[in-house]
Amino acid sequence: RCTLLTGTPMQNNIGELLSLMEVVDAAAFGGEERRAELLERYRTISNPEQVAELQALLRPYMLRRTKADVQEKLPLKTETLVKVELTVPQKRVYRAVLDRNLAHIANPRASLSNAFMQLRKACNHPRLLEGGADGEEEAIRRALDAARELEEVGGGAARAAE
């Protein structure tokens, strides 16, 4: 059995959908001939019958949960604001973003969403937090060590099987 989780829509691209479905069930969606047949049939969906047919084909494989289905079970959102001082690297980047956008910010008709997004990035970037980069590098080092260890164990098991 295979489970495929995706939170993104297929962007109305039948080729992408068929590629994902081939991973789930290669017998039903795989093979050059079957894929070509499905692509030809559903490349341009022009009538409700094609939509119903495609939905029937996909229904056994899909579990669709919409926000309305899930929303009643979710607790109410709570938000806690914790005020902290910016680190020195954050202040440098924050000031640089402000200086670069000063003329834009002074314009009363300008949209400030881009400038605000850049400031948010300066506040949230892990490499600008104290210890953020060190912790990240340590996690990467541990992951690489674990991968080497698995490779050594796997290689030894393969040699023992010979």
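Residue numbers restart at each chain and count upward from 1, following the sequence in its written direction. Only residues with pLDDT of 70 or above have their local features reported here, since the model is predicted, and side-chain atom pairs are shown and tallied only from 80 upward, although totals for entire chains, interfaces and linings are computed over all residues. With hydrogens and water excluded, all non-hydrogen atoms of the structure serve as input to the side-chain values.

1. Examining the overall build of the chain
Link 1 in the chain: On a plain count of helices and strands, the chain comes out with 9 helices and 0 strands.
Link 2 in the chain: In this text, helices come from DSSP runs of H or I with a minimum length of four residues, and strands from runs of E with a minimum of two, each type numbered from the N-terminal end. Along the chain, helices and strands appear, N-terminal first, in the series α-α-α-α-α-α-α-α-α.
Link 3 in the chain: Within the chain, the proportion of its 162 residues that are buried is 15%.
Link 4 in the chain: Any two residues whose heavy atoms approach within 4.5 Å are treated as being in contact. Long-range contacts, defined here as pairs at least 24 residues apart, represent 36% of the contacts in the chain between residues at least 6 apart.
Link 5 in the chain: Each accessible area value is a Shrake-Rupley result obtained with a 1.4 Å probe; residue values ignore everything except the protein chains displayed when judging cover. Summed over its atoms, the accessible surface of the chain is roughly 13,700 Å², and 55% of this surface lies on carbon and sulfur atoms. Here the term buried applies to any residue with accessible area under 20% of the maximum for its type, exposed to any over 50%, and partly exposed to those in between, with areas from a 1.4 Å probe on protein chains only.

2. Some words on the nonpolar core
Link 1 in the chain: Counting residues in each nonpolar core, the largest one holds 10 residues, listed as Ile 14, Leu 17, Leu 18, Met 21, Phe 29, Leu 38, Leu 39, Tyr 42, Leu 54 and Leu 58.
Link 2 in the chain: For this core, the secondary structure elements donating two or more residues are α1 (14-24), α3 (32-42) and α4 (48-58).
Link 3 in the chain: Setting aside residues no more than four positions away along its own chain, Phe 29 makes contact with Leu 18, Met 21, Glu 22, Arg 34, Arg 35, Leu 38, Leu 57, Leu 58 and Tyr 61. Side-chain atoms within 4.5 Å link the members of a nonpolar core, which is a set of buried Ala, Val, Leu, Ile, Met, Phe, Trp, Tyr and Cys residues.

3. Focus on the pattern of salt bridges
Link 1 in the chain: Here, a salt bridge means any Lys or Arg side-chain nitrogen found within 4 Å of an Asp or Glu carboxyl oxygen. Taken as a whole and judged by the stated rule, the model has 6 salt bridges.
Link 2 in the chain: The partner of Glu 37 in a salt bridge is Arg 41, and the shortest N-O contact between them spans 2.7 Å. Separated by 4 residues within a single helix, Glu 37 and Arg 41 lie in helix α3, roughly one turn from each other.
Link 3 in the chain: With a closest N to O distance of 3.0 Å, Lys 91 and Glu 85 form a salt bridge.
Link 4 in the chain: Given the relative accessible area of 64%, Glu 85 is considered exposed.
Link 5 in the chain: Each of the salt bridges in this network shares a partner with another, and the network as a whole consists of Arg 34, Glu 37, Arg 41 and Glu 53.

4. Considering the packing of α3 against α4
Link 1 in the chain: To obtain each axis, a line is fitted to C-alpha atoms, and for helices this fit is confined to the stretch in contact; angles are then taken between N-to-C directions over 0 to 180 degrees. Two elements in contact, α3 and α4, have axes separated by 11 Å at closest approach and are oriented at 145 degrees. Of the residues in α4, those touching α3 at Arg 34, Leu 38, Arg 41 and Tyr 42 are Gln 50, Glu 53, Leu 54 and Leu 57.
Link 2 in the chain: In the scheme used here, Gly and all other residues not listed as nonpolar or charged are polar, with Ala, Val, Leu, Ile, Met, Phe, Trp, Tyr, Cys and Pro taken as nonpolar and Asp, Glu, Lys and Arg as charged. Residues belonging to the contact of α3 with α4 are distributed by class as follows: 4 nonpolar, 1 polar and 3 charged.

5. A look at the side chain of Gln 50
Link 1 in the chain: Residue placement: Gln 50 occurs in helix α4.
Link 2 in the chain: Counting of polar contacts relies on pairs of N or O atoms within 3.5 Å, with two restrictions inside protein: one atom must be capable of donating a hydrogen and the other of accepting it, and residues adjacent in sequence are counted only when both atoms are side-chain atoms. A polar atom in the side chain of Gln 50 sits 2.9 Å from the backbone oxygen of Arg 41.
Link 3 in the chain: In this structure, Gln 50 is in contact with Arg 41, Tyr 42, Thr 44 and Ile 45, ignoring residues within four places of it in sequence.

6. Some thoughts on the confidence of the model for the chain
Link 1 in the chain: Per-residue pLDDT for the chain averages 78, and the proportion of residues at 70 or more is 81%.
Link 2 in the chain: pLDDT under 50 marks residues 156-162. Its contacts with residues more than four places away, or in other chains, come to 0 contacts. The quantity known as pLDDT measures the predictor's confidence residue by residue, on a range of 0 to 100.

7. A word on the packing of helix α6 (residues 88-100) against helix α8 (residues 113-124)
Link 1 in the chain: Where α6 contacts α8, the two axes come as close as 9 Å, and the packing angle between them is 170 degrees. Taken together, the axis directions place α6 and α8 in an arrangement best described as roughly antiparallel. Together, Gln 90, Val 93, Tyr 94, Val 97, Leu 98 and Arg 100 of α6 and Ala 115, Gln 118, Leu 119, Ala 122, Cys 123 and Asn 124 of α8 make up the contact between the two elements.
Link 2 in the chain: When the residues that make up the contact of α6 with α8 are grouped by side-chain class, the tally is 8 nonpolar, 3 polar and 1 charged. Roughly parallel refers to an angle under 35 degrees, roughly antiparallel to one over 145, roughly perpendicular to one between 65 and 115, and oblique to any angle outside these ranges.

8. Section: α8
Link 1 in the chain: Taking 1.5 Å as the rise per residue, α8 with 12 residues should run 16 Å; its terminal C-alpha atoms sit 16 Å apart, in good agreement.
Link 2 in the chain: Contacts made by the buried residues of α8 are with α6 and α7 (102-106). The length a helix should cover is 1.5 Å for every residue beyond the first.

9. Details of the environment of Asn 13
Link 1 in the chain: With respect to the element layout, Asn 13 can be found in the segment before α1.
Link 2 in the chain: Each C-alpha atom of the pair Asn 13 and Arg 43 lies 8.3 Å from the other, and the pair is 30 residues apart in sequence.
Link 3 in the chain: At a separation of 2.9 Å, a polar atom in the side chain of Asn 13 contacts the main-chain amide nitrogen of Gly 15.

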